[in-house]
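Below, each chain spelled out in residue letters.
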Amino acid sequence: MKKILKKLLLGKTSKGAQPKFNPIQKRIQNIQSIWNNDHHEDNGIEKIVRLFLASSQLLFPGIYIKYLASKKGVEYQDLALDFYVLAKVIFPIVILINHWQSHQWLIWILIYVFLETVLYIPTLIFASDRFSKPRSYRRSMLLLLFNYLEIAFGYAVFYSVGSYLNKPFFHWFDAVYFSIMTSSTVGYGDYYPITTVGKFLVSTQALVFLFFIFLFLNFFSAKLKPKGYFDHENLE
């Protein structure tokens, strides 16, 4: 059974040399590369934003989970990241089903991991000067789908925290339904925001998903190869 699970979850484990730099070292090198203008002659607000995005991931647990798992190998690093992403997708659903919106500490944890995903996507696009290409584009696209669901479910929790809409949700899935309809810019009129906070949430979700879909998906499908995330020559 153990061998079957290992084959299923890890596939064919690599027996070669491990990467020279761990995920934290790569992140620091990426920040240094932006600072030194190694790949882009940017300055001003562009450089400030890129430095902020590159540095932001050091504030969240994802990179440290990758670091700890990378000690056992790249497959374990991928597996640990997969479980972490799935946990972030399930977390808001658990809050909704159990009606835990009144627990403020859970909401703050959700906001914390939610921001990690929201900032990670533009980081890949705009601030990935020393990122090697993904080992699998199909895996990257699958994780992108889970990121999409995480953000949609996260917004569903935010909508259900207060009385921001024209009427309350009668079932936990009503919040998910409204969130997905908002992200797809489809409005049926059964739910709509009536408070400033509600309008702010709807506006930011629409902007996040417009950015998410039109920039990030286009970035993958066009298979652009700038220096950074898709740089196939950067094998470290």
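The structure presented is a predicted model; accordingly, all values stated were derived computationally and were not measured. Numbering of residues starts from 1 in each chain and follows the order in which that chain's sequence is written. It should be noted that, the model being predicted, local features are given only for residues of pLDDT at least 70 and side-chain atom pairs only at 80 or more, the latter also being counted only at that level, while totals for whole chains, interfaces and linings use all residues. Calculated side-chain values reflect all of the structure's heavy atoms, with hydrogen atoms and water omitted.

### Details of the overall build of the protein
Helix and strand assignments come from DSSP, with helices taken as H or I runs of at least 4 residues and strands as E runs of at least 2, each series counted from the N terminus. Of regular secondary structure, the protein possesses nine helices and zero strands. Written out in order from the N terminus, the α and β elements of the protein read α-α-α-α-α-α-α-α-α. Any two residues whose heavy atoms approach within 4.5 Å at even a single point are treated as in contact. Restricting the contact set of the protein to residue pairs at least 6 apart, pairs at least 24 apart contribute 74%.

### A short note on the packing of aromatic side chains
Ring pairs are drawn from Phe, Tyr and Trp, using the six-membered ring of Trp, whenever the two centres fall within 6.5 Å, and their geometry is named by plane angle: stacked under 30 degrees, edge-to-face over 60, tilted for the rest. Within this structure, the stated rule accounts for 11 aromatic pairs. Measuring from ring centre to ring centre gives 5.3 Å for phenylalanine 114 and tyrosine 155, while their planes differ by 80°; the resulting arrangement is edge-to-face. Separated by 41 residues along the polypeptide, phenylalanine 114 in helix α6 (residues 104–126) and tyrosine 155 in helix α7 (residues 137–161) bring together distant segments of the chain. The exposure classification of phenylalanine 114 matches that of tyrosine 155, with both residues buried. Taken together, a centroid distance of 5.8 Å and an interplanar angle of 80° make the contact between tyrosine 155 and phenylalanine 158 edge-to-face. Taken together, the positions of tyrosine 155 and phenylalanine 158, both in helix α7 and three residues apart, correspond to about one turn of that helix. Aromatic ring contacts, followed pair by pair, group Phe114, Tyr155, Phe158, Tyr159, Phe169, Phe178 and Tyr191 into a single cluster. Charge-over-ring placement is defined geometrically: NZ (Lys) or CZ (Arg) within 6 Å of the ring centre, and within 35 degrees of the ring normal. Across the ring face of tryptophan 35, the terminal group of lysine 47 is positioned such that the distance to the ring centre comes to 5.2 Å. A simple rule labels every residue: compare its accessible area, found with a 1.4 Å probe on the protein chains alone, to the largest value its type can have, and call it buried under 20%, exposed over 50%, or partly exposed in between.

### Overview of the environment of proline 193
Inspection of the secondary structure puts proline 193 in the loop between α8 (172–183) and α9 (196–221). For proline 193, a relative accessible area of 21% corresponds to the partly exposed category. Proline 193 sits 28 residues away from leucine 165 along the chain, and the two C-alpha atoms are 4.2 Å apart. Residues contacting proline 193, with those up to four places away along its chain left out, are Tyr164, Leu165, Gly198, Lys199 and Val202.

### Here we look at the pattern of salt bridges
The salt bridge definition used is simple: a Lys or Arg side-chain nitrogen within 4 Å of an Asp or Glu carboxyl oxygen. Inspection of every chain in the model, using the stated rule, returns three salt bridges. Between lysine 88 and glutamate 116 there is a salt bridge, with its nearest N and O atoms 3.3 Å apart. Of the two residues, lysine 88 is situated in helix α5 (residues 74–97) and glutamate 116 in helix α6; the sequence distance between them amounts to 28 residues. Here lysine 88 and glutamate 150 are joined by a salt bridge, their closest N and O atoms 3.9 Å apart. Here the residue lysine 88 occupies a position in helix α5, and glutamate 150 occupies one in helix α7, the gap between them amounting to 62 residues. Accessibility assignment for this pair places lysine 88 and glutamate 150 in one class, buried. Residues joined by salt bridges that share partners form a network here, namely Lys88, Glu116 and Glu150.

### Re the side chain of threonine 182
The residue threonine 182 is located in helix α8 in this model. The buried category is assigned to threonine 182, whose relative accessible area is 10%.

### Some details on the packing of α5 against α6
Angles here are taken between N-to-C directions and fall from 0 to 180 degrees, while the axes themselves are lines fitted to C-alpha atoms, restricted in helices to the stretch in contact. Interaxial distance between α5 and α6 falls to 11 Å at its minimum, and their mutual angle equals 140°. With respect to their mutual orientation, α5 and α6 come out oblique. Our pair here, α5 against α6, has a crossing hand that is left-handed. Residues Tyr84, Lys88, Phe91, Pro92 and Ile95 of α5 pack against Leu106, Ile109, Leu110, Val113, Glu116 and Thr117 of α6. All amino acids are sorted into three groups, where Ala, Val, Leu, Ile, Met, Phe, Trp, Tyr, Cys and Pro are nonpolar, Asp, Glu, Lys and Arg are charged, and the leftover types, Gly among them, are polar. Residues belonging to the contact of α5 with α6 are distributed by class as follows: eight nonpolar, one polar and two charged. Angular relationships are summarised with four words: roughly parallel below 35 degrees, roughly antiparallel beyond 145, roughly perpendicular across 65 to 115, and oblique for the angles in between. Left-handed describes a crossing in which the near helix is turned anticlockwise from the far one by less than a right angle; the clockwise case is right-handed.

### Quick notes on the confidence of the model for the protein
Any segment with low pLDDT has predicted coordinates that should not be analysed in fine detail. Looking at the protein, pLDDT values average 83 and 80% of them are 70 or higher. Contacts from residues 224–236, a stretch scored under 50 in pLDDT, to residues over four places away or in other chains number 40 contacts. One number per residue, pLDDT, summarises how confident the predictor is, and it ranges from 0 to 100.

### What to know about unusual backbone geometry
Positive phi is not limited to glycine here, since asparagine 37 has a value of about 55°. The residue asparagine 37 is located in the loop between α2 (23–35) and α3 (44–56) in this model. Asparagine 37 sits in the buried class, given a relative accessible area of 18%. Its identity as a non-glycine residue notwithstanding, histidine 99 has a phi of 55°, on the positive side. Among the secondary structure elements, histidine 99 is positioned in the loop between α5 and α6. Residue histidine 99 is classed as exposed on the basis of its relative accessible area, which comes to 56%.

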